[in-house]
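The primary structure of each chain is shown beneath.
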Amino acid sequence: MDIFDGYYYKSCKRFMSLCGLWPEQNNKSRYLRLIVFVIFNASLAVPQLILLIQQFGKDMAITFENSVSVMFALGVFAKYLVAFVNKKRLSSLLVTIAKDWQTVTDRKEREILTKNTAQGRLLLIIYTYYIHGAWVLYTLMPFLPLALDYMLPLNDSRPVLMPFYANYLFFEQSDYHYWACGHIAVSYLAPLVLFCGLDTIYVISVKHTCGLFEIVCRRLETLLKSEKGQQLSKLPDNPDLVMKLSETIQLHNDTIGCCDLLENSFNLCFLMVNCMSVVTIALTCVYILFVYSDLFKLIRIVAFLVGLIMHLLYLNWVGQQIINSSEQVFISAYFSDWYLIPNSTKKFINIIMIRSLVPCTLTSGKLANLSMENFGIVIHIYDISYIYNDKWILCWK
């Protein structure tokens, strides 16, 4: 699979290898990275969980903030674990992608595949920079008083901005404030690498599949015309046309099979992500009620909320691309010159059109499609309203 060392896929492979999810890695390397990932993730979640248990119902700000943090950590770990155990399915998907690049030899068809893969790489770059920017913003904000003391010194010391609330049992968090700030910066590198690896291989695989659907559409649109642009006559038999239509049907079936591999590789992962995200968004919105007067906490939690919503938007928008591409096959078949070919050959067009009536979809654990419609439904559940007594309330629709 040398294609994954090339221009379009090498960054995906690098991130996936860093977190131990690349299928070609040996088991020793994968399990070592699994242990490191669990340690990084647990080093933040466990101290916050201890304090959450101690302060549950007593300090509501800590209760909700730590609930959001613990839920996020659980979601990240569940996403990683599902991807880790799906090694064989992901390997099959990557083998299929590499095979497609070998079998598509027509110059124009390779241009289509390259164009879609380049679009996937552009999305990959944008998403990677967005994730890194969010990590920098979230982890450096607690250092703001230190920077302000240096640039704009005051007679009194500025209050310390806690990066998170935790109980380390063996020492007080306030005594090692900036060590805790560094701890959160380092520990959040684990989910950063996970998102940059797993989400980007998902996106670029989807764009590869969309490219295959586009090739099928091109064949259907151009197949019934000769090289000189003249429409084919109603000949009783045309073996060359039958062979090309058979190859198009086979490519369409292979593309649907690639969609199935995508679905089987990621559906449980997205089920975990969607479930945890819905609960986390709810907890975050309630937490805003307790910190809306604290500018620092409000900015941090709103930034986190926006990042979570953007993550859901990204996954669902890319899932919508599969639906659109598979539906386009039916349109291309319908508007082709199928009426000019012999009746015995029309059955090949019928096969493609009937199969295209049901669009290919990616789902969250077979329960909900990844689409813009479902993303809108999830986001529409939450509505924050402002009332006269200057307080924010959460309305559940």
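Everything numeric in this text was worked out from a predicted model, so none of it was measured.

Quick word on the overall build of the protein
Part 1 of the reasoning: Counting its regular elements, the protein contains twelve helices and four strands.
Part 2 of the reasoning: By its C-alpha atoms, the protein is 95 × 55 × 40 Å across when sized along the principal axes.
Part 3 of the reasoning: Residues counted as buried form 49% of the 397 residues belonging to the protein.
Part 4 of the reasoning: Once local pairs closer than 6 in sequence are excluded, the contacts in the protein between residues at least 24 apart make up 77%.
Part 5 of the reasoning: As presented, the protein carries roughly 20200 Å² of accessible surface, and 64% of it is formed by carbon and sulfur atoms.
Part 6 of the reasoning: Distance between charge centres in the protein, computed from 33 positive and 29 negative side chains, equals 5 Å.

Side note on the side chain of Thr128
Part 1 of the reasoning: By the secondary structure assignment, Thr128 is in helix α5 (residues 107-140).
Part 2 of the reasoning: If near-sequence neighbours (up to four positions away) are discounted, Thr128 is found in contact with Phe15, Cys196 and Thr200.

Some points on the environment of Pro142
Part 1 of the reasoning: Examined against the element boundaries, Pro142 turns out to sit in the loop between α5 and α6 (144-151).
Part 2 of the reasoning: Exposure remark for Pro142: the relative accessible area of 0% places this residue in the buried category.
Part 3 of the reasoning: Placed 111 residues apart in sequence, Pro142 and Tyr31 show a C-alpha to C-alpha distance of 33 Å.
Part 4 of the reasoning: Beyond its immediate stretch of four places on either side in the chain, Pro142 contacts Leu161, Pro163, His177, Tyr178, Cys181, Phe296 and Arg300.

Section: the nonpolar core
Part 1 of the reasoning: Leu21, Tyr80, Leu198, Ile201, Tyr202, Val206 and Phe266 are the most contacted members of the largest nonpolar core, which has 98 residues in total.
Part 2 of the reasoning: Contact partners of Val206, with chain neighbours within four places excluded, come to Leu262, Val318, Gln321, Ile322 and Leu362.

Some thoughts on the pattern of salt bridges
Part 1 of the reasoning: Counted according to the given criterion, the structure contains six salt bridges.
Part 2 of the reasoning: Between Asp5 and Lys13 there is a salt bridge, and its shortest N-O distance comes to 2.7 Å.
Part 3 of the reasoning: Judged by its relative accessible area of 47%, Asp5 is partly exposed.
Part 4 of the reasoning: For Glu263, the salt bridge goes to Lys366, with nearest N and O atoms at 3.4 Å. Note that Glu263 is positioned in helix α9 (residues 239-291) and Lys366 in the loop between β1 (363-364) and β2 (368-369), a separation of 103 residues in sequence.
Part 5 of the reasoning: Overall, Lys366 belongs to the exposed group, its relative accessible area being 58%.

With respect to the state of the cysteines
Working definition of a disulfide: a covalent bond connecting the sulfur atoms of two cysteines.
Part 1 of the reasoning: Under the criterion given, the structure shown has zero disulfides.
Part 2 of the reasoning: Of the cysteine sulfurs around Cys210, a residue in no disulfide, the closest is that of Cys259, at 7.7 Å.
Part 3 of the reasoning: Looking at Cys210, the relative accessible area reads 3%, which means it is buried.
Part 4 of the reasoning: Cys258 carries a free sulfur, and the closest cysteine sulfur to it, the one in Cys259, is 6.3 Å from it.

Focus on the packing of helix α4 (residues 87-103) against α9
Part 1 of the reasoning: Running from N to C, α4 and α9 point in directions that differ by 150°, and their axes come no closer than 9 Å. As far as their axial angle goes, α9 and α4 are roughly antiparallel. Considering the relative orientation of α4 and α9, their crossing is left-handed. Facing Arg89, Leu90, Ser92, Leu93 and Thr96 of α4, the residues of α9 in contact are Cys258, Leu261, Leu262, Asn264, Ser265 and Phe266.
Part 2 of the reasoning: Along the lines of polarity and charge, the residues of the contact of α4 with α9 split into six nonpolar, four polar and one charged.

A closer look at the packing of aromatic side chains
Part 1 of the reasoning: The tally for this structure, following the rule as stated, stands at 14 aromatic pairs.
Part 2 of the reasoning: Ring geometry for Phe4 against Tyr9: centres 5.0 Å apart, planes inclined by 75°, an arrangement best described as edge-to-face. Residue Phe4 shares its accessibility class with Tyr9, and that shared class is buried.
Part 3 of the reasoning: Both rings, one in Tyr334 and one in Phe335, keep their centres 5.1 Å apart while their planes meet at 85°; by these two values the pair is edge-to-face.
Part 4 of the reasoning: Taking the relative accessible area as the measure of exposure, Phe335 reaches 65% and is therefore exposed.
Part 5 of the reasoning: Ring pairing ties together the aromatic residues Tyr31, Phe37, Tyr80 and Phe84, which thus form one cluster.
Part 6 of the reasoning: Across from the ring centre of Phe84, 4.1 Å away, lies the NZ or CZ of Arg30, which sits over that ring.
Part 7 of the reasoning: Positioned over the ring face of Tyr7 is Arg121, at 4.0 Å from the centre of the ring.

Rules used throughout
- Residues numbered from 1 in each chain as written.
- Predicted model: local features only at pLDDT ≥ 70, side-chain atom pairs only at ≥ 80, totals over all residues.
- Heavy atoms only, no water.
- Helix = DSSP H or I, 4+ residues; strand = E, 2+ residues; numbered from the N terminus.
- Buried < 20%, exposed > 50% of the residue type's maximum accessible area, 1.4 Å probe, protein only.
- Contact = heavy atoms within 4.5 Å.
- Areas by Shrake-Rupley, 256 points an atom, 1.4 Å probe, with all protein chains shown as cover.
- Lys, Arg positive; Asp, Glu negative; His and termini not counted.
- Charge placed at Lys NZ, Arg CZ, Asp CG, Glu CD.
- Core = buried A, V, L, I, M, F, W, Y, C linked by side-chain atoms within 4.5 Å.
- Salt bridge = Lys/Arg side-chain N within 4 Å of Asp/Glu carboxyl O.
- Disulfide = S-S within 2.5 Å.
- Axes fitted to C-alpha atoms, helices over the stretch in contact; angles between N-to-C directions.
- Parallel < 35°, antiparallel > 145°, perpendicular 65-115°, else oblique.
- Left-handed = near helix turned anticlockwise from the far one by under 90°.
- Nonpolar A, V, L, I, M, F, W, Y, C, P; charged D, E, K, R; others polar.
- Phe/Tyr/Trp six-rings, centres within 6.5 Å; stacked < 30°, edge-to-face > 60°.
- Lys NZ or Arg CZ within 6 Å of the ring centre and 35° of its normal.

Function cannot be inferred from these measures alone, as they are strictly geometric.
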